[in-house]
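# Structural overview
Given next are the chains, with one letter for each unit.
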Amino acid sequence: MPLPSPLSRSFYQRDPVTCARELIGCELLWNKTTGVVLETEAYAEFGDEACHTFRRPSARKFIAEHPAGTAYVYLNYGMYWLFNVLVKSPVSNGFVLIRAIEPTSGRSLMEQRRSSTNLKQLCSGPGKLSMAFGIRGSDHGTDLCAKASRCLLAASGIVAIQEDCRIGISTAQDYPWRFLLKGSHLVSVPCRKDKTVR
DNA sequence: TCTTAGATGTGA
DNA sequence: CACATCTAAGAT
């Protein structure tokens with residue numbers, strides 16, 4: 001059985017926690033730069049106070065009006081673009097926030113966009129990786145299943161994945177909805193739990 | 001290596 | 001007013 005590919009929409013037609021876990025190890029292609037997804041977080045449309053849908057009608061409208069696999073990009077703290085993927089399933093809709101990536105190609109372009117040559121500084125955080133990949137507000141609404149130049153690709157093999165609690169939020173802090181590629185030194189914050197989920 | 005303050009735009 | 005962040009600066 002081949003791994004389900006995030007090039008097809010069905011990959012994103014699963015619940016947010018499953019999608020967040022399954023995106024670890026996948027490769028992001030964007031603006032002539034590529035990298036392996038190291039860290040993600042799941043946010044659920046309902047029952048999750050930390051999700052935009054909890055306070056923002058515009059987020060609920062976005063879910064209603066777009067298919068699974070659409071990029072949800074927004075500005076945080078007035079300065080940083082955060083890159084999410086919309087996922088939709090019969091059980092639960094929501095977003096997967098991409099939090100860290102290991103650069104695989106386009107390194108010098110990333111260094112330019114980040115004004116740093118330090119590998120550890122390039123994509124080890126959601127604001128940093130958006131900068132390195134040149135992701136901006138104009139990318140909001142991009143269909144990740146439509147173009148081979150702006151998409152996610154399946155992981156090249158089986159990877160070990162750890163789960164942890166989400167970070168950087170002030171509410172609903174206890175859901176174990178952060179996923180990390182086990183052993184990676186390029187994540188935003190190291191894993192505090194010791195739980196391997198795959 | 002760690003902690004802290006401050007920059008800043010948008011939705012409601 | 002809250003906010004899913006980052007950086008520089010200063011302390012340890």
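Just above, that's the structure.
Notes on the structure in this doc start here.

Counting residues in each nonpolar core, the largest one holds 41 residues, and the members touching the most others are Phe83 and Phe133. Elements that contribute at least two residues to this core include exactly helix H1 (16–22), strand S1 (27–30), strand S2 (33–44), strand S3 (71–76), strand S4 (80–88), strand S5 (93–105), helix H5 (126–133) and strand S8 (178–181). Excluding residues that lie within four positions of it along the chain, phenylalanine 133 makes contacts with Leu28, Trp30, Asn31, Thr33, Thr34, Gly35, Ile101, Met110, Arg113 and Cys123. In this structure, Ile63, Tyr72, Leu82 and Leu86 belong to the second largest nonpolar core, which totals 13 residues.

This part is about the protein's contact with DNA strand C. Lining the immediate surroundings of DNA strand C are 21 residues, of which Asn84, Arg114, Gly127, Gly168 and Ile169 lie closest. Per the 4 Å cut-off to the protein, sugar and phosphate atoms form 63% of the nearby atoms of DNA strand C. In this structure, alanine 50 approaches DNA strand C through a main-chain N or O atom, which is 2.8 Å from a base nitrogen. Contacts to DNA strand C include serine 170, whose side-chain N or O atom sits 3.5 Å from a phosphate oxygen. For the surface near DNA strand C, a count of residues per class yields 9 nonpolar, 8 polar and 4 charged.

Further remarks concern the environment of alanine 148. Locating alanine 148 in the fold gives a position in the loop between H5 and strand S6 (151–153). Given the relative accessible area of 64%, alanine 148 is considered exposed. For the pair alanine 148 and proline 57, spaced 91 residues apart in sequence, the C-alpha separation works out to 31 Å.

All residues in the neighbourhood of DNA strand B are listed as Arg55, Arg56, Pro57, Ser58, Leu75, Tyr77, Gly78 and Met79. Take proline 57: an N or O atom from its main chain is 2.7 Å from a phosphate oxygen of DNA strand B. One of the backbone nitrogen or oxygen atoms of serine 58 is found 2.9 Å away from a phosphate oxygen of DNA strand B. Split into classes, the residues belonging to the surface near DNA strand B amount to 4 nonpolar, 2 polar and 2 charged.

The next point concerns the pairing of S5. Counting buried residues along S5, 10 of its 13 residues qualify, which places the element largely inside the surrounding structure. Here S2 runs beside S5; their pairing, made up of 10 bridges, is antiparallel. Each bridged residue has a counterpart across the sheet, and for glycine 35 the counterpart in S5 is proline 103. As judged from the 5 bridges shared by S4 and S5, these two strands associate in the antiparallel manner. By the bridge assignment, valine 87 is partnered in S5 with glycine 94. Counted along the chain from S4 to the antiparallel partner S5, the turn is 4 residues long.

Another aspect to go through is the packing of aromatic side chains. As enumerated under the stated definition, the model contains 6 aromatic pairs in all. Relative to phenylalanine 83, the ring of tryptophan 30 lies with its centre 5.4 Å away and its plane at 65 degrees, an arrangement referred to as edge-to-face. Placement of tryptophan 30 in strand S1 and of phenylalanine 83 in strand S4 is noted, with a sequence separation of 53 residues between them. By the burial criterion, tryptophan 30 is buried, and phenylalanine 83 matches it. Between the aromatic rings of tyrosine 72 and tyrosine 74, the centroid separation amounts to 6.0 Å while the plane-to-plane angle is 50 degrees, which identifies the pairing as tilted. With respect to class, tyrosine 72 is no different from tyrosine 74; both count as buried. When the ring centre of phenylalanine 11 is taken as reference, the NZ or CZ atom of arginine 14 above it lies at 4.6 Å. One Lys or Arg, arginine 166, reaches over the ring of tyrosine 43 and ends 4.5 Å from the middle of that ring.

Conventions we followed
- Residues numbered from 1 in each chain as written.
- Chains lettered and ligands numbered in written order.
- Predicted model: local features only at pLDDT ≥ 70, side-chain atom pairs only at ≥ 80, totals over all residues.
- Heavy atoms only, no water.
- Core = buried A, V, L, I, M, F, W, Y, C linked by side-chain atoms within 4.5 Å.
- Buried < 20%, exposed > 50% of the residue type's maximum accessible area, 1.4 Å probe, protein only.
- Helix = DSSP H or I, 4+ residues; strand = E, 2+ residues; numbered from the N terminus.
- Contact = heavy atoms within 4.5 Å.
- Near = heavy atom within 4 Å.
- Polar contact = N/O pair within 3.5 Å; in protein donor to acceptor, adjacent residues only side chain to side chain.
- Nonpolar A, V, L, I, M, F, W, Y, C, P; charged D, E, K, R; others polar.
- Pairing = 2+ DSSP bridges.
- Phe/Tyr/Trp six-rings, centres within 6.5 Å; stacked < 30°, edge-to-face > 60°.
- Lys NZ or Arg CZ within 6 Å of the ring centre and 35° of its normal.

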